[in-house]
Amino acid sequence: MKLNDDARFSTICIHAGQEPDPSTGAIITPIYQTSTYVQEGLGQHKGYEYGRTHNPTRMALERNVAAIEAGVAGFAFASGMAAIDAILTRLEAGDHVLVSDNTYGGTFRLFERVRRKFGLCFSYVDSSNLDLIEPAITPRTKYLFLESPTNPLLRITDLAAASDIAHRHGVRVVVDNTFASPYLQQPLALGADIVVHSTTKFLNGHSDSVGGIVVAVKDEHIEWLKFVQNAEGAILGPMDAWLVLRGTKTLPIRMERHNANALALAEFLAAHPVVRRVHYPGLPSHPQHALARKQMCGFGGLISLELGSLDKARTLLEGVRLMSLAESLGGVETLISHPATMTHASVPADRRQAIGVTDDLVRISVGIEDVEDLREDLAQALSTL
Ligand code: PLP
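Residues numbered from 1 in each chain as written. Predicted model: local features only at pLDDT ≥ 70, side-chain atom pairs only at ≥ 80, totals over all residues. Heavy atoms only, no water.

Brief notes about the nonpolar core
Phase 1 of the analysis: Counting 70 residues, the largest nonpolar core has Leu61, Leu144, Leu269, Ile303, Leu316, Val362 and Ile364 as the members making the most contacts within it.
Phase 2 of the analysis: Two domains share this core, each providing at least three of its residues, namely domain 1 (9-249) and domain 2 (252-382).
Phase 3 of the analysis: In contact with Leu316, not counting residues within four places along its chain, are Leu305, Leu307, Ile336, Val362, Leu378, Ala381, Leu382 and Leu385. (Core = buried A, V, L, I, M, F, W, Y, C linked by side-chain atoms within 4.5 Å. Buried < 20%, exposed > 50% of the residue type's maximum accessible area, 1.4 Å probe, protein only. Domains from an automatic or database assignment. Contact = heavy atoms within 4.5 Å.)

Focus on the site of the ligand
Phase 1 of the analysis: The immediate surroundings of the ligand are formed by 14 residues, with Gly80, Asp176, Ser198, Thr200 and Lys201 found nearest.
Phase 2 of the analysis: Measuring from an oxygen atom of the ligand, one finds a side-chain N or O atom of Ser198 at 2.8 Å.
Phase 3 of the analysis: Interatomic distance of 3.5 Å between a backbone N/O atom of Gly211 and an oxygen atom of the ligand.
Phase 4 of the analysis: Burial of the ligand by the protein amounts to 91% of the accessible area it has alone, namely 390 Å².
Phase 5 of the analysis: A molecule is said to occupy a pocket when more than half its atoms come within 2 Å of that pocket's grid points, and by this definition the ligand occupies the second largest pocket.
Phase 6 of the analysis: In terms of residue class, the shell around the ligand is built from 4 nonpolar, 7 polar and 3 charged. (Near = heavy atom within 4 Å. Polar contact = N/O pair within 3.5 Å; in protein donor to acceptor, adjacent residues only side chain to side chain. Areas by Shrake-Rupley, 256 points an atom, 1.4 Å probe, with all protein chains shown as cover. 1 Å grid on protein atoms, 1.4 Å probe; cavity = no way out; pocket = protein on both sides within 12 Å on 5 of 7 lines; lining within 4 Å. Sits in = over half its atoms within 2 Å of the grid points. Nonpolar A, V, L, I, M, F, W, Y, C, P; charged D, E, K, R; others polar.)

Remarks on the domain arrangement of the protein
Phase 1 of the analysis: Assigned domains of the protein: these are domain 1 (9-249) and domain 2 (252-382).
Phase 2 of the analysis: Taken together, the 43 residues of domain 1 in the interface contact 42 residues of domain 2.
Phase 3 of the analysis: Its largest share of buried area at the contact with domain 2, domain 1 owes to Tyr183, Leu184 and Phe202, together 23% of the area lost on that side.
Phase 4 of the analysis: Scanning the region where domain 1 abuts domain 2 turns up 1 salt bridge.
Phase 5 of the analysis: The closest approach of N and O atoms between Lys294 and Asp158, which form a salt bridge, is 3.8 Å.
Phase 6 of the analysis: Run the count over domain 1 and domain 2 and you get 19 residue pairs in polar contact (both at pLDDT 80 or more).
Phase 7 of the analysis: Elements with a contribution of two residues or more to the side of domain 1 that touches domain 2: α1 (9-15), α4 (105-114), α6 (159-168) and α8 (238-249).
Phase 8 of the analysis: No other element matches α4, which puts 4 residues into the side of domain 1 that touches domain 2.
Phase 9 of the analysis: A breakdown of the residues in the side of domain 1 that touches domain 2 according to their chemical character gives 19 nonpolar, 18 polar and 6 charged. (Buried area = accessible area lost by both parts, 1.4 Å probe. Salt bridge = Lys/Arg side-chain N within 4 Å of Asp/Glu carboxyl O. Helix = DSSP H or I, 4+ residues; strand = E, 2+ residues; numbered from the N terminus.)

Section: the sheet that holds strand β10 (residues 324-325)
Phase 1 of the analysis: Pairing in this open sheet of 5 strands is mixed, and the strands run β8-β9-β12-β11-β10 from one edge to the other. Taken across any chain shown, the strands that pair with only one partner, and hence form the sheet edges, are β8 (277-279) and β10.
Phase 2 of the analysis: Here 3 bridges tie β8 to strand β9 (residues 302-306), and the two strands are oriented antiparallel to one another. Of the residues in β9, the one forming a bridge with His279 is Ser304.
Phase 3 of the analysis: Helix α9 (residues 251-270) contacts β8, β9 and β12 (361-365) of the sheet and is inclined by roughly 10° relative to β9. (Pairing = 2+ DSSP bridges. Axes fitted to C-alpha atoms, helices over the stretch in contact; angles between N-to-C directions.)

Structure representation (structure tokens):
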């Protein structure tokens, strides 16, 4: 198997980073469930010394996702949060990170409740409004940390334009690409410096593993990430690496179905009389619909909707039968959740209100089931409101 340099996206997903296993010819990279490697003599080994530093299954996944994101090197971590934290470890006390104001609640918690204690400073802007970015950059700003689409309101930032602004000030751009997946957008190709994923979501796609990955292009980042992955040791285990490696092979076809199902459900919800507002980048009513069309090739599997009251949200969340009430997203099965008390519970109530994560907001991670079954499920649950 030889992958041409000009191989296309689906081919890269299936083949990049993997060779048939050298010892058996197994086409699938085995789960190298080992903590250490026997050395032939002092200082003589096959390039593998200890499991925290090197693992062939993890390294295959890292090469695979680096290629999928059109980056140079990948580093897999025990969770998306561990991956984001690894990026922060490059900074020093007094450094500043400018963040999209509508990030995942766990990211906000890490920044505010853990890393602020170590002297890092964070401030938040609505990065979908480019005019707000430049005035918020300070002489100590090191990263512009963007999520696009954001969790859970699905706001879109112009990644190329935001990267240009940041780079004019020597600021590096980090994009959390979890919500879009590299099938829909490749931030590095748009000018970002680092991409991070919770592999728990679309990259794995089967709700059976928690993990994270950072993809970098610049030597300064690659050297540090390689060092800190080993030094801190929050590595992804071989079984999880294998699961994600299996997941990325079907990423394109899963994303096609996520896109189609979500668009159909978003249109159904937008036309439903009890639904107050639907947030979905694929709807012409979305404030950054034109940008989403330009920047992404598909609008993704996440929808948020406002129902007008917490009671109504509860009725929907508890009334669905096929959809499961659960945190997380990006799996083949449809999940429905309540951001204010679930994914964003760690964000203080006044801040949630300010950024639009209201108590009546419901988020749906649309899976790849038959869309008619999903539509019927929503229709029966909404009919009780
Ligand atoms: N980034 C985004 C956008 C997320 O939605 C999540 C989790 O939901 C994370 C990061 C954190 O990932 P993990 O749960 O794998 O630590």
